[in-house]
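# Observations on chain architecture
Here is how the chains run, residue by residue.
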Amino acid sequence: MANNFLRKETYTPEEIFKNLPNPADYPKNFNLKKVKVDYDGDLMKMGSQRYYVFRKSLKCSHCERVGIYFAKETHLNKQGEPANPSFHFNLYAVDPDGTEVLMTKDHVLARSKGGANSLKNYVTMCEPCNSYKRSMDEEKAKELAEERQRAGILLKLGKVHG
Ligand SMILES: [Zn+2]
């Protein structure tokens, strides 16, 4: 467990997915995040988009990691106290060496490229793959900026024709 979380119980994916609200059961424009279910004394918001993404697939879209349980957790502030009194569920995979790996959701088409914050545009991705992808994206952006700068310099030097 990441030490910036306070953890209570853990649950199987089925125990979470069976309580996800079905949008068809509610009026149009109803905020599904209002739907709460009691899990061992904590009223849990069940409409979080992450849970629907994980229901589509528990497996990372980039590697072999598969989320196997949800942990009821809350963030801790710098003083080590719960930053927010409400808990949420985090999905975890466990590596062969026993290391827990947080599962996250990732845009298929990036927001910066016009990708929507919709369920269709999300896939499950483990945190290491997600941060690797982020660093690659930053690397690519940096390379592109450098390339443009080089091209600009060449242009100024009159070495590029046409
Ligand atoms: Zn992964």
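Residues numbered from 1 in each chain as written. Predicted model: local features only at pLDDT ≥ 70, side-chain atom pairs only at ≥ 80, totals over all residues.

## With respect to helix 3 (residues 127-157)
Applied cut-off: Segments assigned H or I by DSSP are reported as helices when at least four residues long, segments assigned E as strands when at least two residues long, and all are numbered from the N terminus. Multiplying 1.5 Å by the helix residue count minus one yields the expected span of that helix. Neighbour density around each residue's C-beta defines its exposure: 20 or more other C-beta atoms within 10 Å make it buried, 12 or fewer make it exposed, and counts between make it partly exposed, where C-beta atoms are placed from the backbone.
Spanning 31 residues, helix 3 covers 45 Å between terminal C-alpha atoms, matching the ideal 45 Å at 1.5 Å per step. By the criterion of burial, helix 3 is predominantly exposed, with just zero of the 31 residues buried. A positive phi of about 75° marks Gly158, the residue just after helix 3.

## Observations concerning the environment of Val66
Among the secondary structure elements, Val66 is positioned in the loop between helix 2 (49-56) and strand 4 (69-75). On the basis of neighbour counts, which here come to 16 C-beta atoms within 10 Å, the residue Val66 falls in the partly exposed class.

## Re the sheet that holds strand 5 (residues 88-94)
The line we're drawing: Strand pairing is defined by DSSP finding a minimum of two bridges between the two strands. Axis definition: a line fit to C-alpha positions, over the contact stretch in the case of helices; interaxial angles, taken between N-to-C directions, run 0 to 180 degrees.
As summarised here, the arrangement of the five strands in space is 1-4-5-6-7, forming an open sheet in which the pairing is antiparallel. Pairing within the sheet leaves two strands with one partner each, and these edge strands are strand 1 (5-11) and strand 7 (122-126). Put simply, the sheet's adjacent strands are angled 45° from each other on average, direction ignored. Relative to strand 7, strand 6 (residues 100-107) runs antiparallel, the two being bridged by five bridges. From the neighbouring strand, Asp106 faces strand 7, where its bridge partner is Val123.

Just distances and angles here, no functional claims.
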